[in-house]
Amino acid sequence: MYCLTNELFFPPVETSSPEGILAFGGDLSSERLLLAYQNGIFPWFNSDEPIIWWSPDPRMVLFLDELKISKSMRNILNRNVFKVTFNQDFSAVIRNCQKSNRTGQDGTWISDQMIGAYEKLHELGKAKSVEVWKEEELVGGLYGVDLGHVFCGESMFSKVPNASKIAFISLVNKLKSNQYQLLDCQVYNEHLESLGCREIDRDEFMAIIKSKKIN
């Protein structure tokens, strides 16, 4: 496993461990975070650990045309119970993700350090959010990093049933309308699979990431 220094550098993703760990150390500067995402790498670590950088193989993704919307979800969407906005309250979304309980996890990996780093990315227009409102209350949402042709999802939350699904579906529809190629979901879980996400080889994922120049 590679130990990062102050140099703005990542080793090739092919050198990742079988679990997907590529490197540790470095910092969460905007420059390093953008370099990471542009190379199929993301940070994921607990607050009492050094920064750990990942590039798993296989990779969980959604090809946008493969989105699955259940009949019950279509009924909810048609009823217009929720209002959806984009980039209206990034800080509230990431802080709600921090407070969300995760099955099988003790605490959260979204530390205050992580929040500050992604808020800076948001100020640069690179980290974006989806907000779901019900009667003027923020009840769900998600955030991630926007590469211009691939959106790298990071985390989502829901205070009421289906709110995070509404955020996810709304994001996918927006990405499709803007001709994005892929939604990166990082690692497998059953909830993502139920929405149409699937695992692909890292080589295939990297080819898509590198297929368009990042501004």
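Here the structure is a predicted model, which is why all the values come from computation and not from measurement. (Residues numbered from 1 in each chain as written. Predicted model: local features only at pLDDT ≥ 70, side-chain atom pairs only at ≥ 80, totals over all residues. Heavy atoms only, no water.)

Trainee: Quick question: what am I supposed to make of the overall build of the protein here?
Mentor: Across its full length, the protein carries 7 helices and 11 strands. Taking 215 residues into account, the globule formula puts the C-alpha radius of gyration at 17 Å, and the protein, at 17 Å, falls close to it. Across the 215 residues of the protein, 50% fall into the buried class. At a minimum sequence separation of 6, the contacts of the protein that also span at least 24 residues come to 68%. For the protein, the exposed area adds up to about 10900 Å²; of that, 46% sits on carbon and sulfur atoms. The averaged location of the 28 negative side-chain charges in the protein is 8 Å from the averaged location of its 23 positive side-chain charges. (Helix = DSSP H or I, 4+ residues; strand = E, 2+ residues; numbered from the N terminus. Rg over C-alpha atoms; globule rule 2.2 N^0.38 Å. Buried < 20%, exposed > 50% of the residue type's maximum accessible area, 1.4 Å probe, protein only. Contact = heavy atoms within 4.5 Å. Areas by Shrake-Rupley, 256 points an atom, 1.4 Å probe, with all protein chains shown as cover. Lys, Arg positive; Asp, Glu negative; His and termini not counted. Charge placed at Lys NZ, Arg CZ, Asp CG, Glu CD.)

Trainee: I keep staring at the pairing of strand E8 (residues 137-146) and nothing clicks. Help me out?
Mentor: Side-chain positions along a regular strand alternate between the two faces of the sheet. Counting buried positions along E8 gives 9 out of 10 residues, so the element sits mostly inside the fold. Relative to E8, strand E7 (residues 127-134) runs antiparallel, the two sharing 8 bridges. When the sheet's bridge partners are listed, Lys128 is paired in E8 with Gly144. Here E7 folds back onto E8 in antiparallel fashion, the turn holding 2 residues, of which Glu135 has a positive phi close to 50°. In this sheet, strand E9 (residues 150-158) lies alongside E8 in antiparallel orientation, the contact comprising 7 bridges. Its bridge partner lying in E9, Leu142 is registered against Met156. The turn linking E8 back onto E9 is made up of 3 residues, and Gly148 within it adopts a positive phi angle of 95°. (Pairing = 2+ DSSP bridges.)

Trainee: Would you mind showing me how to read the pairing of strand E2 (residues 21-25) here?
Mentor: Among the 5 residues of E2, 4 are classified as buried, and the element is accordingly described as predominantly covered. In this sheet, E2 lies alongside strand E1 (residues 2-4) in parallel orientation, the contact comprising 3 bridges. Residue Leu4 lies in a different strand from E2, and its bridge partner there is Gly25. Looking at chain direction, E2 and strand E4 (residues 52-54) are connected through 3 bridges and run antiparallel. Note on E4: the bridge partner recorded for Ile21 is Trp54.

Trainee: Mind showing me how you'd approach the sheet that holds E7 here?
Mentor: The strands making up a sheet associate through hydrogen bonds between their backbones, and the pairing can be parallel or antiparallel. One open sheet accounts for 7 strands, arranged E6-E7-E8-E9-E10-E5-E11; its pairing is mixed. Edge positions in the sheet fall to strand E6 (83-86) and strand E11 (198-200), since each of these pairs with one other strand and no more. Between one strand and the next, the sheet's axes are offset by a mean angle of 35°, whatever the strand orientation. Seen against the sheet, helix H3 (residues 90-99) touches E7, E8 and E9 and runs at an angle of roughly 95° to E8. (Axes fitted to C-alpha atoms, helices over the stretch in contact; angles between N-to-C directions.)

Trainee: Quick question: what am I supposed to make of the side chain of His149 here?
Mentor: Mapped onto the secondary structure, His149 falls in the loop between E8 and E9. Here the side chain of His149 touches Ile208 through a polar contact of 3.0 Å, landing on its backbone oxygen. A distance of 3.1 Å separates a polar atom in the side chain of His149 from the backbone oxygen of Ile209. (Polar contact = N/O pair within 3.5 Å; in protein donor to acceptor, adjacent residues only side chain to side chain.)

Trainee: Got a minute to help me understand the pattern of salt bridges in this structure?
Mentor: Any two side chains of opposite charge can pair, on the condition that their charged atoms come close. All told, the structure shown has 6 salt bridges when counted by the stated rule. A salt bridge links Asp65 to Lys176; its shortest N-O distance comes to 3.5 Å. You can see Asp65 sitting in the loop between strand E5 (59-62) and helix H2 (71-79) and its partner Lys176 sitting in helix H5 (residues 163-177), a full 111 residues away along the chain. With a relative accessible area of 69%, Asp65 lands in the exposed category. (Salt bridge = Lys/Arg side-chain N within 4 Å of Asp/Glu carboxyl O.)

Trainee: Just checking my understanding: could you explain the confidence of the model for the protein for this structure?
Mentor: Caution applies to low-pLDDT parts of the model: their predicted coordinates are not meant to be read in detail. Per-chain confidence: the protein averages 94 in pLDDT, with 95% of residues scoring 70 or above. For residues 103-107, every residue scores under 50 in pLDDT, and the model assigns this stretch 0 contacts once sequence neighbours within four places are set aside. (pLDDT = per-residue confidence, 0-100.)

Trainee: What is the right way to look at unusual backbone geometry in this model?
Mentor: Peptide bonds are mostly trans, and most non-glycine residues show a negative phi. Here the amide bond leading from Asp57 into Pro58 is cis, since omega sits at 10°, within 30 degrees of zero. Positionally, Pro58 belongs in the loop between E4 and E5. At Glu135, a residue that is not glycine, the phi angle is positive and equals roughly 50°. Along the chain, Glu135 turns up in the loop between E7 and E8. At Asn162, a residue that is not glycine, the phi angle is positive and equals roughly 80°. Examined against the element boundaries, Asn162 turns out to sit in the loop between E9 and H5.

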